Amino acid sequence: MNTDTSSSVRRAPVSLAVYSMWRRELTRFWRQKSRLIGAVATPLVFWLVLGAGFGRSFNPTGGASDASYLEYFFPGTVVLAVLFTAIYSTISIIEDRQEGFLQGVMVAPVSRGGIVAGKMLGATTLAVVQGVVMLMLAPLIGLPLSFASFCYAIAALFGVALGLSGLGLMIAWSMDSTAGFHAIMNLLLMPMWLLSGAVFPIADAHPILKAIMYANPLTYGVSGFRAGLYHNTAAVSDDGISIIVSVVVTVLFAMFMLFGSIRMANRPNRGGRS
Amino acid sequence: MGDLSIEVSDLTKTFGDRKALDRVCFRVEHKHIAALLGPNGGGKTTLFRILATLLQPDSGSARICGFDPVTAPDRVRRTLGVVFQSPSLDKKLTAAENLRHHGHLFGMRGRSLERRIGVMLEKFNIDDRANDRVETLSGGLARRVEIAKGMLSSPSVLLLDEPSTGLDPAARLELWRQLDEVRTSDGVAVLMTTHILDEAERCDRVTILDEGKVVADDSPAALKAQVGGAVITIEANKPQEVAARAHSELNLPAEVVGQSVRIESPDGNGAALIPRLAEIFGDGVHAITLGHPTLEDVFIRRTGRNFVREVD
């Protein structure tokens, strides 16, 4: 018995660790029903309350003028659901550390990058699934979804979710408490969403805000998602961002966050604390 | 590496201006159960974390089955099973899921992993709770799952940090039965940190750490033999006075430790001294006790301080 198992311990493939961490994220999420409800209900309430409230004063100068605000705001709401799920899933690494789970992982003969990548992919999967759940509401606002636009939209959400999960992990990795994370959520992540074209069009924004919005990587994710949703293959969409630029920036941001997180986790003597 | 599972020499670690470990040396042989005994802040946990590859020493070296935790952490991780003081299980997962996840991290998979999980669940008597979430298990049961997890990858060395913390006496006995079993049937060397004297007494070897230094290192019997045949303890209101008189009138090596007076009787004639002490001090003392030396006496002898008080 001893010899047969010790031989299987010799190599610890990263893929197995990534898979195991990914699966754990899904299992945990499924068993915490409050997270499931929170991630869908909060953006939904945002959408209905803000959408109804701003609806009358909404008069965009862009080409989408015929769209109601509820419709304009819909993709932004889906992105918010993705943001909430991606971020809250990745910050659970702070709880993993506090509750002691992470220390057990850190003494396994496997690359820490694999651990982080698994966590990130788990958060991404959950976020995309939440986004898809929200997408089911599209027909309610008269947005018929073709199969193609559904697939484009999911691809865009995947890119957005991966980038945001990586960002969440990079912030959470060095934090000791979830309390500190809420400040970051309010100071960085919510403004990032507010200034991404999710809530109001770039075209209408003050020049300074406009500059910030163009510098915000999430703007390109939202733009790409919006374009995918409407199956808008026009070279340049209403916000002045071409679909190619959206895709390139979103993919680059996601890759940067993925490899950044892996690199950070692989740095020696980090995360070993308990 | 001969018969050594763990070999530590001149290990030093400083946090700021506090020396957590000061040139620590000790060894653990194959199939031995060894204890790192000491008060909190004595350096046990720092040493545990260095051996578990979670912390780097400033100088000195450690070897686990011949591998260096600093230069070959993955090799060390493959030979180690680690059981932390705070739980490292995912409470939302079941016992079996926790073991499966851990196995994956060690590169185990498929049928051989499932078989091994089955063996561990049975060995640690948790097979009937395998599919219950850890959050529903009692402290003792959860600790068993922790040890099963530590043993899953068939390590050569099992490290445990304060394994009895939070366990009731029955669960402690069970823990010992399992450690004995792991040592004899799997040939594993066990090193545990502890501040519980009874626990250390049961080990093959005890290394006492105090303020980052090794103050004693031997088998419990050998350590106690160094103290002498018997120890007389006198509880008194004015221990200083009692110690002074015992020294001047009876020429006894009396020391004050905390609120009591301690007299080592190396020739073992402690019993003969009791009536004389009672006669001299009379009502001035609350109790006079005669006992064989314990590891606490060893600690007092080496540090001049009372172990129990230090722990509290």
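Basis of the calculations
- Residues numbered from 1 in each chain as written.
- Chains lettered and ligands numbered in written order.
- Predicted model: local features only at pLDDT ≥ 70, side-chain atom pairs only at ≥ 80, totals over all residues.
- Pairing = 2+ DSSP bridges.
- Helix = DSSP H or I, 4+ residues; strand = E, 2+ residues; numbered from the N terminus.
- Axes fitted to C-alpha atoms, helices over the stretch in contact; angles between N-to-C directions.
- Contact = placed C-beta atoms within 7 Å.
- Core = buried A, V, L, I, M, F, W, Y, C linked by C-beta atoms within 7 Å.
- Buried ≥ 20, exposed ≤ 12 C-beta atoms within 10 Å, placed from the backbone.
- Domains from an automatic or database assignment.
- Nonpolar A, V, L, I, M, F, W, Y, C, P; charged D, E, K, R; others polar.

Enquirer: Help me get a handle on the sheet that holds strand 9 (residues 213-218) of chain B, residues and values and all.
Expert: All names here are of chain B. The six strands lie next to each other as 5-6-7-3-8-9, forming an open sheet whose pairing is mixed. The two strands at the open ends of the sheet, each matched to only one other strand, are strand 5 (80-83) and strand 9. Across the sheet, the mean angle from the axis of one strand to that of its neighbour is 15°, orientation sign disregarded. Examined bridge by bridge, strand 3 (residues 33-37) and strand 7 (residues 189-194) share five bridges and lie parallel to one another. Considered in strand 7, the bridge of Leu 37 is made with Thr 194. Against the sheet, helix 6 (residues 169-186) makes contact with strand 3, strand 6 (157-161) and strand 7, and its axis sits at roughly 150° relative to strand 7, the strand it touches most. Where helix 11 (residues 295-303) meets the sheet, it contacts strand 3, strand 8 (205-210) and strand 9, and its direction lies at approximately 40° from that of strand 8.

Enquirer: So what about the nonpolar core? Which residues, and what values?
Expert: Core analysis: the largest hydrophobic core is formed by 159 residues, its most contacted members being Val 79, Val 82 and Leu 83 of chain A together with Ala 148, Leu 159, Val 190 and Leu 191 of chain B. In terms of residue count, helix 4 (residues 69-90) of chain A provides more of this core than any other element does, 14 residues in total. Summarising the domain contributions, this core has at least three residues from each of domain 1 (4-221) and domain 2 (229-292) of chain B. Beyond its immediate stretch of four places on either side in the chain, Leu 83 of chain A contacts Leu 164, Leu 189 and Trp 193 of chain A.

Enquirer: Any chance you could break down the interface of chain A and chain B for me, citing the residues and the numbers?
Expert: Counting from both sides, the interface comprises 32 residues of chain A and, opposite them, 31 residues of chain B. Listing elements by their share of the side of chain A that touches chain B, those giving two or more residues are helix 1 (2-9), helix 2 (14-31) and helix 6 (101-106) of chain A. A per-element tally of the side of chain A that touches chain B places helix 2 of chain A first, with eight residues. Here the side of chain A that touches chain B is composed, by residue class, of 14 nonpolar, 13 polar and five charged.

Enquirer: A description of the environment of Gly 260 of chain A should follow, citing residues and the corresponding values.
Expert: Residues and elements named next belong to chain A. With respect to the helices, strands and loops of the structure, Gly 260 is situated in helix 12 (residues 243-266). In this structure the C-alpha to C-alpha distance between Gly 260 and Met 170, which are 90 residues apart in sequence, comes to 7.6 Å. Gly 260 has contacts with Gly 166 and Met 170, leaving out every residue within four places of it along the chain.

Enquirer: Explain the domain arrangement of chain B to me, using residue names and the numbers behind them.
Expert: Along its sequence, chain B is organised into domain 1 (4-221) and domain 2 (229-292). The straight-line distance from the C-alpha centre of domain 1 of chain B to that of domain 2 of chain B is 40 Å.

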